[in-house]
Amino acid sequence: MTDVLLAVGTRKGLFIGRRQRGTWRLSGPHFAAQAVYSLAIDTRGGRPRLLAGADSAHWGPSVFHSDDLGETWREPARPAVKYPAHTGTSLERVWQLHPAGPAAPEVVYAGTEPGGLFRSEDRGETFELVRALWEHPSREKWVPGGGGLAVHTVVTDPRDADAVTVAVSAAGVFRTRDGGASWAPSNKGVKAVFLPDQHPEFGQCVHKIAPDPVDHDRLYLQNHWGVYRSDDAGASWTDIGGGLPSDFGFAVAAHPRRGDVAYLFPITADIDRVPAEHRCRVFRTADAGASWEPLSAGLPAEEHYGTVLRDALSVDDADPAGVYFGNRNGELYASADDGDSWRQLASHLPDVLCVRAAATA
């Protein structure tokens, strides 16, 4: 069985899991008493680099990195992510850390609150504000989501280093095709059910986007009500939520190699944020959203109330793929067979905020 590195960010620190010769071992917490809202495992070089966006109630937010699989961590002498003085604001939180594709091997993006995107050219040690998004003409009309005004999702096109898609709560999807020099909203077909005009140019509360591994023009989107697919790199979106017990949720992930395969964790409603039908189930599509099947073998069968947040569902790149999720009950689950069966890796952790995994051998 492939060795796997698993990083689990919680409200009170980071836990590191290692699967070696089929046996799991969990250690931590690192960054004790700090909330870890964002994680990335950058496997583009030789040895993986781990990146963590940790938030200390005393010292504030920072970005740390580790080049020894989480044994030790380094924080830059100066803040890695810092808003320039002319913006008149300061960093509240790092919501997303995303290594760009192979066409940009040193580039890492950071999505932040208050609604900013930063770009690093040294694998996450220093970042610069992407000013064109920050200065977008629509910004003055962006409204914070329930968790704040945040760039929480970054997707890069492996074919084109200049093509980047971001999701902002609650401003919707924005895309650039010129390396960040200009940005345009891309929300055609996505509803904003909480607005009088349910199809605005921007203002949707997009919760997460995941790219298909085979068709690079295909994206999956979990909205604040609604599950969507794009077949034109985000220019337009089609509803694929039929067959789910609820189309509200936070998380979506795509299989690392199999096209048309994606995973969701449906939530009952925005005013009742518990698993749909009070059942702990991941839903999988194998036909790009035409149909969905529940995956629950090995998951709790009794009534369940653990909410899975937008970055707390993840896949690794093993074969077969590992699928992982953690919830606000502090439970951590793993599948080593594409989601067909599950086992619990941990319980009684602090609230799980984000999960990332990668094969290491």
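Before reading on, note that the structure itself is shown above.
The rules behind each value
- Residues numbered from 1 in each chain as written.
- Predicted model: local features only at pLDDT ≥ 70, side-chain atom pairs only at ≥ 80, totals over all residues.
- Heavy atoms only, no water.
- Helix = DSSP H or I, 4+ residues; strand = E, 2+ residues; numbered from the N terminus.
- Rg over C-alpha atoms; globule rule 2.2 N^0.38 Å.
- Buried < 20%, exposed > 50% of the residue type's maximum accessible area, 1.4 Å probe, protein only.
- Contact = heavy atoms within 4.5 Å.
- Areas by Shrake-Rupley, 256 points an atom, 1.4 Å probe, with all protein chains shown as cover.
- Lys, Arg positive; Asp, Glu negative; His and termini not counted.
- Charge placed at Lys NZ, Arg CZ, Asp CG, Glu CD.
- Salt bridge = Lys/Arg side-chain N within 4 Å of Asp/Glu carboxyl O.
- Pairing = 2+ DSSP bridges.
- Axes fitted to C-alpha atoms, helices over the stretch in contact; angles between N-to-C directions.
- 1 Å grid on protein atoms, 1.4 Å probe; cavity = no way out; pocket = protein on both sides within 12 Å on 5 of 7 lines; lining within 4 Å.
- Points joined across faces, edges and corners; volume = space filled by probe spheres on them.
- Nonpolar A, V, L, I, M, F, W, Y, C, P; charged D, E, K, R; others polar.

Hey, could you run me through the overall build of the protein in this one?
When helices and strands are counted, the protein shows 1 helix and 28 strands. For the protein, whose C-alpha radius of gyration is 19 Å, the value lies close to the compact-globule estimate of 21 Å for 361 residues. Here the protein holds 361 residues, and the buried ones make up 59% of them. A separation threshold of at least 6 residues defines the contact pool for the protein, and within that pool the share at least 24 residues apart is 49%. Entry remark: accessible area of the protein is about 14,400 Å², with carbon and sulfur atoms responsible for 48%. Here the protein contributes 36 positive and 46 negative side-chain charges, whose respective centroids are spaced 3 Å apart.

Could you clarify how one ought to interpret the pattern of salt bridges in this entry?
Should their charged atoms come close, side chains of opposite charge can pair. Taken as a whole and assessed by the stated rule, the structure comprises 23 salt bridges. Between D42 and R44 there is a salt bridge whose closest N-O contact spans 2.8 Å. R119 is the partner of E121 in a salt bridge, and the nearest nitrogen-oxygen pair spans 2.5 Å. Given a relative accessible area of 59%, E121 falls into the exposed group. We classify R119 as partly exposed; its relative accessible area is 26%. Linked through salt bridges whose partners overlap, the residues forming this network are R49, D67, R74 and E125.

Help me understand the sheet that holds strand β4 (residues 35-42) in this model?
Sheets are built from strands paired through backbone hydrogen bonds, the pairs being either parallel or antiparallel. One open sheet accounts for 3 strands, arranged β4-β5-β6; its pairing is antiparallel. One side of each edge strand has no neighbouring strand; the edge strands of this open sheet are β4 and β6 (60-66). The sheet shows a mean angle of 15° between the axes of neighbouring strands, taken without regard to direction. Relative to strand β5 (residues 49-56), β4 runs antiparallel, the two being bridged by 7 bridges. Looking at β5, one finds that S38 is bridged to G53.

Would you take a moment to explain the sheet that holds strand β24 (residues 313-315) for this structure?
Taken in spatial order, the 4 strands of this open sheet run β24-β25-β26-β27, and their pairing is antiparallel. Because the sheet does not close on itself, it has two edges, and the strands there are β24 and β27 (343-346). On average, each strand axis in the sheet is inclined to that of its neighbour by 25°, with strand direction left out of account. Strand direction decides the pairing type here: strand β25 (residues 323-326) and strand β26 (residues 332-335), joined by 4 bridges, are antiparallel.

Honestly, the environment of P144 in this entry has me stumped. Any pointers?
Mapped onto the secondary structure, P144 falls in the loop between α1 (131-134) and β11 (150-157). For P144, a relative accessible area of 49% puts it in the partly exposed group. If we skip the residues at most four places from it in the chain, P144 touches L149, S169 and A170.

Hey, could you run me through the layout of surface pockets in this one?
Unfilled space is identified by rolling a water-sized probe across the atoms. What the largest pocket holds in volume is close to 1,300 Å³. Where the lining of the largest pocket is concerned, the elements lending two or more residues are β4, β7 (93-99), β11, β12 (160-169), β15 (206-211), β19 (248-254), β24 and β28 (352-359). Broken down by element, the residue count for the lining of the largest pocket peaks at 5 residues, all from β11. When grouped by side-chain class, the residues that make up the lining of the largest pocket number 25 nonpolar, 10 polar and 12 charged. A volume near 730 Å³ is recorded for the second largest pocket.

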